Amino acid sequence: MSDVKVTLPDGSSRAVSAGTPVGDIAAAISPGLAKAAYAAVVDGALVDLSYPLQKDSAVRIVTDKSPEALPLLRHSTAHLMAAAVTHLFPGAQCGIGPATDEGFFYDFIVDRPFVPEDLETIETKMRELAQQDLPYQRQMWPREEAKAFFTSRGEPLKVQLIDEKTAGQKEVSCYTIKDRDTFVDFCVGPHVPSTNKLKAFKLLSTSNAYWKGDARNAPMQRIYGTAFPSDKDLKAYLAQIEEAKKRDHRKLGRELELFTFHQWAPGAAFWLSKGTTLYNILANYMREVLFPAGYVEVKTPLLFNKELWETSGHWSHYQQNMFTVESSDGEQMAIKAMNCPGHMLVFGSQGRSYRELPLRLHEQTPLHRNEASGVLSGLTRVRQFSQDDAHCFVMQEQIGEEVERLLGLVQRVYADFGLPYAAKLSTRPEQFLGEKATWDSAEAQLKGALERAGQAYTINEGDGAFYGPKIDFDVTDALGRKWQCATIQLDYQMPARFKLTYVGADNAEHQPVVIHRAIFGSFERFIAILIEHFAGAFPLWLAPVQAIVLPISDRHRDYATRVRDALAAAGLRVELDDRQEKIGYKIREAQLQKVPYMLVTGDREAAEGTVSVRGRSVGDLGAQSIDAFVAAAKDEIGRKEAGFGLKAQGSSHEEVA
Ligand SMILES: [Zn+2]
Ligand SMILES: [Zn+2]
């Protein structure tokens, strides 16, 4: 048998006979590496350890320290879970089971929804299988034979996947765990070599799902789980989940009386008074950021004739995501799911000159998307929402400068909220519209803008939309979770579809480029992120109630009312708790409501014209004159500080202790 040459990452090489499984290389290097090996990368491709080396290759062994390890481990655990489910629920049909950023899931068609006790049973079965050290084995089956096999087992979804994913292939890859009776799945792989690599996993939750995420398809049950190389990592992650549960915006939204939902308006929040205040703070903050930057605000209709959506292309590509209605005279209409087409009409509503560009239209009106009720969740998956949306109409040569200005806005906004973030540039995909030269110019301008703005970024090669490149921003919250918020998206197609032109300096007609951009993304989602990031304890400038006046007894009510009125007149958001409750009780309640400042008023305060200030997080801050408190609070608001705010001064109030 002939030899093949294997080159290792350190540059060394060795000869092995052709057909040697790549896993044997790990064993030849060291028993420790063989034990730690999950898989291998051969000439850049991630493969199983059983992969036979047929030609000279560059080989790297993947262990739990490798960047490929976590998704591989998690996807392999998804198979283990599916093996347990099909064992415990005979007749269960498997859908897909990918790794995710947080773990993995697998979708099943089962007779009844899973309940929490099922997760325990499934997890126990998984541990049993894991301990048996069962091999994952890759087998190449003739395509028709594989289809016949899954048909005979009553797994039409797998047959459908084979049809869709392997057209033209003679053979398809199937994986068993131990043998076909234990578990078999159509999958491209790769996986860990054996179930004994799976030691630290946990099943977390179930949810409703649909085959391929489409509500018109079969309803499925999804099980979420996670897996890590070590128990220590798993424990740290589970602790983070516990913290996330405490911060869950749906829970805090109810406790802090920010918003509520009703089954008669699925996916549409009822913003209660405090939530509306928070919403308006953000809406007005964004106006304060955008107006000086040259944006103008518009309000366009919510309901448009289908001709608008046909022109924009949404009628053929996006109709199922929109709510459609018919007018009394038979006109077919749709409620807007985005502002862009309306803004195209605003641009085209009058003759435009290059002198008006960039023209920046900002809009915050409500949008609706026809999401299946089963996937709705709190403020993060909704049917009704608003965006801090804007469309900048620019000349091709203005793209770079406009994007640079936009990056400046993004940097400023996230700094104000204390949210770290990362930028990624997505470039021309394989399927794209327009000229390659135009794309090259646009991408070069985006890169130039990122560099001039001092903005670090990564590149997602080929991940742009078919109509233009884009820059996306992920913010990281206090728990280290990433959320995609801001986006800057170049678009050459929509202005063409709407036949938009401006008269250039050369007196000829030109087509503008549109930049779709949002910084918060949707207000709803951004508020959810803020609630969880701050655990509901908003910094003073965002707090719906900034201070609450707490009279110690009924005889201090008049003075407390005067304090409340003075603060309100100074522009602070202030409440008065004049219930006949003990002061300690009122303080605890205000504390639970996470009000930044509690102002206790008793005999001494009334006599001296002061308030005894308690900070939400720092406790007693002593007595201050009303004017001094207002000035300090305004200073803290102005600094948009996310920390402790006012510092202790003066003497403390004995009655409060
Ligand atoms: Zn797989
Ligand atoms: Zn848009």
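Residues numbered from 1 in each chain as written. Chains lettered and ligands numbered in written order. Predicted model: local features only at pLDDT ≥ 70, side-chain atom pairs only at ≥ 80, totals over all residues. Heavy atoms only, no water.

**Observations concerning the overall build of the chain**
Per the secondary structure count, the chain includes 20 helices and 35 strands. Along the first, second and third principal axes, the C-alpha set of the chain runs to 100 × 75 × 60 Å. Per-residue burial over the chain gives 50% buried out of 657 residues. Excluding contacts between residues fewer than 6 apart, the proportion of contacts in the chain whose partners are at least 24 apart in sequence is 69%. In the structure as shown, the chain presents an accessible area of about 30,000 Å², 51% of it carried by carbon and sulfur atoms. Here the chain contributes 75 positively and 85 negatively charged side chains, and the mean placements of these two sets differ by 2 Å. (Helix = DSSP H or I, 4+ residues; strand = E, 2+ residues; numbered from the N terminus. Buried < 20%, exposed > 50% of the residue type's maximum accessible area, 1.4 Å probe, protein only. Contact = heavy atoms within 4.5 Å. Areas by Shrake-Rupley, 256 points an atom, 1.4 Å probe, with all protein chains shown as cover. Lys, Arg positive; Asp, Glu negative; His and termini not counted. Charge placed at Lys NZ, Arg CZ, Asp CG, Glu CD.)

**Focus: the coordination of the zinc ion (ligand 2)**
Distances from the zinc ion (ligand 2) to its protein donors, namely C340 (SG), H391 (NE2) and H516 (ND1), fall within the range 2.0 to 2.3 Å. For the zinc ion (ligand 2), all donor residues lie on one chain, and their spacing in sequence is C-x50-H-x124-H. Of this pair, C340 sits in helix α12 (residues 340-348) while H391 sits in strand β23 (residues 384-394); the two residues are 51 residues apart in sequence, bridging distant segments of the chain. Here C340 and H391 have matching classes, each one buried. (Donors = N, O, S within 2.8 Å, 3.2 Å for Na, K, Ca; no water.)

**As for the packing of helix α3 (residues 69-88) against helix α4 (residues 116-131)**
Look at α3 against α4: their axes get within 9 Å of each other, and the N-to-C directions meet at 115°. On the basis of the axis angle, α3 is roughly perpendicular to α4. For α3 against α4, the interelement crossing comes out right-handed. Residues T77, L80, M81, A83, A84, V85, H87 and L88 of α3 pack against T121, I122, K125, M126, L129 and A130 of α4. Within the contact of α3 with α4, the residues separate by chemical class into 10 nonpolar, 3 polar and 1 charged. (Axes fitted to C-alpha atoms, helices over the stretch in contact; angles between N-to-C directions. Parallel < 35°, antiparallel > 145°, perpendicular 65-115°, else oblique. Left-handed = near helix turned anticlockwise from the far one by under 90°. Nonpolar A, V, L, I, M, F, W, Y, C, P; charged D, E, K, R; others polar.)

**Section: the coordination of the zinc ion (ligand 1)**
Protein coordination at the zinc ion (ligand 1) comes from H75 (NE2), H79 (NE2), C187 (SG) and H191 (NE2), with a distance range of 1.9 to 2.2 Å. Coordination geometry of the zinc ion (ligand 1): the 4 donor atoms subtend angles of 91 to 125° at the metal centre, consistent with an arrangement described as tetrahedral. Sequence positions of the donors to the zinc ion (ligand 1) reduce to the motif H-x3-H-x107-C-x3-H. Placement of the pair is H79 in helix α3 and H191 in the loop between β12 (183-186) and β13 (200-210), with a sequence separation of 112 residues. An identical accessibility class is assigned to H79 and H191; each is buried. (Tetrahedral: all angles 85-135°; square planar, octahedral: opposite > 155°, others 65-115°.)

**A few points about the side chain of S173**
Inspection of the secondary structure puts S173 in strand β11 (residues 171-177). For S173, the contacting residues outside a window of four places in its chain are R138, Q139, M140, D185, F186, C187 and V188.

**Thoughts on the packing of aromatic side chains**
A complete count under the given rule lists 28 aromatic pairs for this structure. Aromatic pair F89 and F114: ring centres 5.3 Å apart, planes at 80°, arrangement edge-to-face. Here F89 is found in the loop between α3 and β8 (93-94), whereas its partner F114 is found in the loop between β9 (104-109) and α4, with 25 residues between them in sequence. You can call F89 buried: its relative accessible area is 18%. Among the aromatic residues, ring-to-ring pairing joins F259, F261, W271, Y279, Y285, F417, F520, F523, F526 and W541 into one connected group. (Phe/Tyr/Trp six-rings, centres within 6.5 Å; stacked < 30°, edge-to-face > 60°.)

**Let's talk about the sheet that holds strand β20 (residues 332-335)**
Read from one edge of the open sheet, 3 strands run β18-β20-β19, paired in antiparallel fashion. Two strands lie at the open edges of the sheet, namely β18 (303-305) and β19 (324-326), each paired on one side alone. Between one strand and the next, the sheet's axes are offset by a mean angle of 35°, whatever the strand orientation. (Pairing = 2+ DSSP bridges.)

**Some details on a negative patch on the surface**
On the surface, a cluster of negative charge is made up of E307, E326, D329 and E331. Tracing the backbone shows E326 in strand β19. (Patch = residues over 30% accessible without salt bridge, like charges linked within 9 Å, V, L, I, M, F, W, Y side chains within 5 Å. Salt bridge = Lys/Arg side-chain N within 4 Å of Asp/Glu carboxyl O.)

**Some points on the confidence of the model for the chain**
Mean pLDDT over the chain works out to 93, with 97% of the residues at or above the 70 mark. Taken as a whole, residues 643-657 scores under 50 in pLDDT and shows 41 contacts with residues more than four places along the chain or in a different chain. (pLDDT = per-residue confidence, 0-100.)

**Some details on helix α17 (residues 557-569)**
With 13 residues, α17 extends 18 Å from end C-alpha to end C-alpha; this agrees with the ideal 18 Å at 1.5 Å per step. For α17, every residue scored as buried is listed here: Y559, A560, V563 and L567. Down the axis of α17, the sector holding all buried residues measures 100°, keeping them to one side. Along α17, exposed side chains directed more than 90 degrees from the buried face belong to D558, R562 and A569. Where α17 is buried, its residues meet β31 (547-551), β32 (574-576), β33 (597-601), α19 (603-608), β34 (610-615) and α20 (626-639). In the stretch just after α17, G571 is the one whose phi turns positive, near 95°. (Expected span 1.5 Å × (residues − 1). Arc of directions from axis to C-beta.)

**Things to note about the pairing of strand β27 (residues 482-491)**
Burial within β27 is extensive, with 7 of its 10 residues counted as buried. Across 6 bridges, the pairing between strand β26 (residues 470-476) and β27 is antiparallel. In the sheet register, I471 faces β27, and the bridge partner there is I488. Here β26 hands over to β27 after 5 residues, with G480 in that stretch at a positive phi of 80°. The pairing of β27 with strand β30 (residues 513-522) spans 5 bridges and is classified as antiparallel. Among the inter-strand pairings, D491 is bridged to a residue of β30, identified as V514.

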